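Listed here are the chains, written in short residue letters.
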Amino acid sequence: MSGVVGGDRALREKGLHITDIPPGLVARVPAEQRGPGLGRDSVRLLVSRGAAEVSLHAFRELPGLLRAGDVLVVNTSATLPAAVDARLGGEEVVAHFSTRGPDGRWAVELRDRDRAARGTTRPRPGGPAGAVVELPGGERLVLEEPLAAGAERLWWARTSREDVPALLHAYGRPIRYGYTERDQPLSAYQTVFAVPGADGAGSAEMPSAGRPFTAELVAELVRRGVQFAPLTLHTGVASQEAHEPPYPEPYAVPATTAWLVNAAKAAGGRVIAVGTTAVRALESAAGGDGVVRAAGGWTDLVVTPERGVRVVDGLLTGLHEPQASHLLMLEAVAGREAVRRGYAEAAARLCLWHEFGDVHLLLKDESTHTMNC
């Protein structure tokens, strides 16, 4: 993929010295399970306004932190139960179904079961080509080739059953990693914005920046004049242990969203993406003139400080691991110093990382109006 920059190395070279996640600052269960009376919106919201100001709030305070005329761009992709128990030869494995390709094949990742770690999984070598993986219900998949040259973790595979989403809903469960405490129902991985795809398509992992929103909070934001613009990007597996840049993913930006975003920009409103997936899709639909047009297909865009952003004025996102390439996207939106200060504050304030954790709102420094195209 052109333009990919490795996460941890690139961050060190740029002086973004973000340390490892402090011990104990990982969200192991959803917010609503941490105590009586708590809900999805019972997380904290770190706000970085350029490099000059960092503040900490309750997520429920978000309506008071935005302005009438702002647009929140949200990903409506639903999360699939993409982890399926399988067998490869005599070995028990777990197949993570990542992305359905345009030719009907699926990008899959095979992982070893890790019963010692509460039923989670461990990375394993990919392949080999021609291997037959036995799935529940007498189905199988055949590994054909790595997703990309030199990247052996994800493989293209053909399945014996054409309707893979139905297979996943019959036998699958949500993908989870060892930092979480236990399996959760699929509903815990769906955002309030999730809309099932007409063809059963969805995301292998939750577009988690939208998770803290509730119907009540959305209604309050709308009451205050904040608009919502939907798009879709079906995200593949992250596999936190790998720290790899994103692979090409299918997306769609509808004409109504393009109109809302362009109108907001023309009227002086801010366009704030809810999640890195929303940034990737929206920036893929933006021309060099900064105008968003209806678009769809596959995007291999990797947003870096060198590329910059053309449309997005802010980003609401979770807290990412130090090696994650997404940190370069954060820097592209808000600047290197804002990201560095924000993460230092997150650690000092004991914010929680990962998909069930606290969230970070990064806003451009409004004292500067330059646009890097």
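Residues numbered from 1 in each chain as written. Predicted model: local features only at pLDDT ≥ 70, side-chain atom pairs only at ≥ 80, totals over all residues. Heavy atoms only, no water.

A. View of the overall build of the chain. Looking only at helices and strands, the chain has eight helices and 16 strands in total. Out of the 373 residues in the chain, the part that is buried amounts to 55%. When contacts within the chain are restricted to residue pairs at least 6 apart in sequence, long-range pairs at least 24 apart make up 71% of them. As displayed, the chain has an accessible area near 15,100 Å², and 53% of this comes from carbon and sulfur atoms. (Helix = DSSP H or I, 4+ residues; strand = E, 2+ residues; numbered from the N terminus. Buried < 20%, exposed > 50% of the residue type's maximum accessible area, 1.4 Å probe, protein only. Contact = heavy atoms within 4.5 Å. Areas by Shrake-Rupley, 256 points an atom, 1.4 Å probe, with all protein chains shown as cover.)

B. Region of interest: unusual backbone geometry. For the peptide bond that leads from Gly127 to Pro128, omega is 5°, which places it in the cis range. Within the secondary structure layout, Pro128 lies in the loop between β7 (120–123) and β8 (132–134). Here the phi dihedral of Leu350 falls at roughly 60°; this positive angle occurs in a residue that is not glycine. Even without a glycine there, the phi angle at His354 is positive, about 80°. Along the chain, His354 falls in the loop between α8 (336–348) and β16 (359–363). His354 gets classed as buried once you look at its relative accessible area, which sits at 10%.

C. Layout of the nonpolar core. Grouped together as the largest cluster of nonpolar side chains are 50 residues, with contacts concentrated most on Val73, Leu282 and Val292. Elements supplying a minimum of two residues to this core: β3 (71–75), β11 (227–233), β12 (249–253), α5 (255–266), β13 (271–274), α6 (276–284), α7 (326–334) and α8. By residue number, the principal contributor to this core is α7, which donates six residues. Leu282 has contacts with Val73, Leu231, Val261, Val271, Val292, Val311 and Val312, leaving out every residue within four places of it along the chain. Grouped together as the second largest cluster of nonpolar side chains are 31 residues, Ala83, Val133, Ala151 and Val164 included. (Core = buried A, V, L, I, M, F, W, Y, C linked by side-chain atoms within 4.5 Å.)

D. Representation of the side chain of Glu205 within the structure. If you trace the backbone, Glu205 turns up in the loop between α3 (164–171) and α4 (215–223). Lacking a salt bridge, the buried Glu205 has Arg153 as its closest oppositely charged neighbour, with an N-O distance of 7.1 Å. (Lys, Arg positive; Asp, Glu negative; His and termini not counted. Salt bridge = Lys/Arg side-chain N within 4 Å of Asp/Glu carboxyl O.)

E. Quick look at the packing of α7 against α8. At a closest axis distance of 7 Å, the pairing of α7 and α8 adopts a crossing angle of 120°. Looking at the two axes, α7 sits oblique to α8. Across from Leu327, Leu330, Glu331 and Ala334 in α7, the residues of α8 making contact are Arg336, Ala338, Val339 and Tyr343. Classifying every residue of the contact of α7 with α8 gives six nonpolar, no polar and two charged. (Axes fitted to C-alpha atoms, helices over the stretch in contact; angles between N-to-C directions. Parallel < 35°, antiparallel > 145°, perpendicular 65-115°, else oblique. Nonpolar A, V, L, I, M, F, W, Y, C, P; charged D, E, K, R; others polar.)

F. Structural detail: the pairing of β12. Across the five residues that make up β12, a large majority, four, are buried. Across five bridges, the pairing between β12 and strand β14 (residues 295–299) is antiparallel. Following the sheet pairing, Ala252 is matched in β14 by Gly296. (Pairing = 2+ DSSP bridges.)

G. Representation of the sheet that holds β12 in the model. Taken in spatial order, the nine strands make up an open sheet running β2-β1-β16-β15-β13-β3-β11-β12-β14, and their pairing is mixed. A single partner strand is all that each edge strand has here, and the edge strands are β2 (53–58) and β14. Neighbour-to-neighbour, the strand axes of this sheet turn through a mean angle of 20°, independent of strand direction. Strand contacts of α5: β3, β11, β12 and β13, with the helix running at about 135° to β11, the strand carrying the most contacts.

H. Summary view of the packing of α6 against α7. Where α6 meets α7, the axes come as close as 11 Å, and the angle between the chain directions of the two elements is 65°. Comparing their axes, α7 and α6 come out roughly perpendicular. Note that α6 runs across α7; the crossing there is left-handed. Contact residues: α6 offers Thr276, Val279 and Arg280, while α7 offers His326, Met329 and Leu330. (Left-handed = near helix turned anticlockwise from the far one by under 90°.)

I. Highlighting the pattern of salt bridges. Summed over the entire model, instances satisfying the criterion amount to 30 salt bridges. In this structure, Lys265 and Asp313 form a salt bridge, with 3.0 Å as the shortest nitrogen-oxygen distance. One end of the pair, Lys265, is in helix α5; the other, Asp313, is in the loop between β14 and β15 (314–318), with 48 residues separating them in the sequence. Several salt bridges share partner residues, and in doing so they unite Asp85, Arg87, Glu92, Arg113 and Arg173 into one network.

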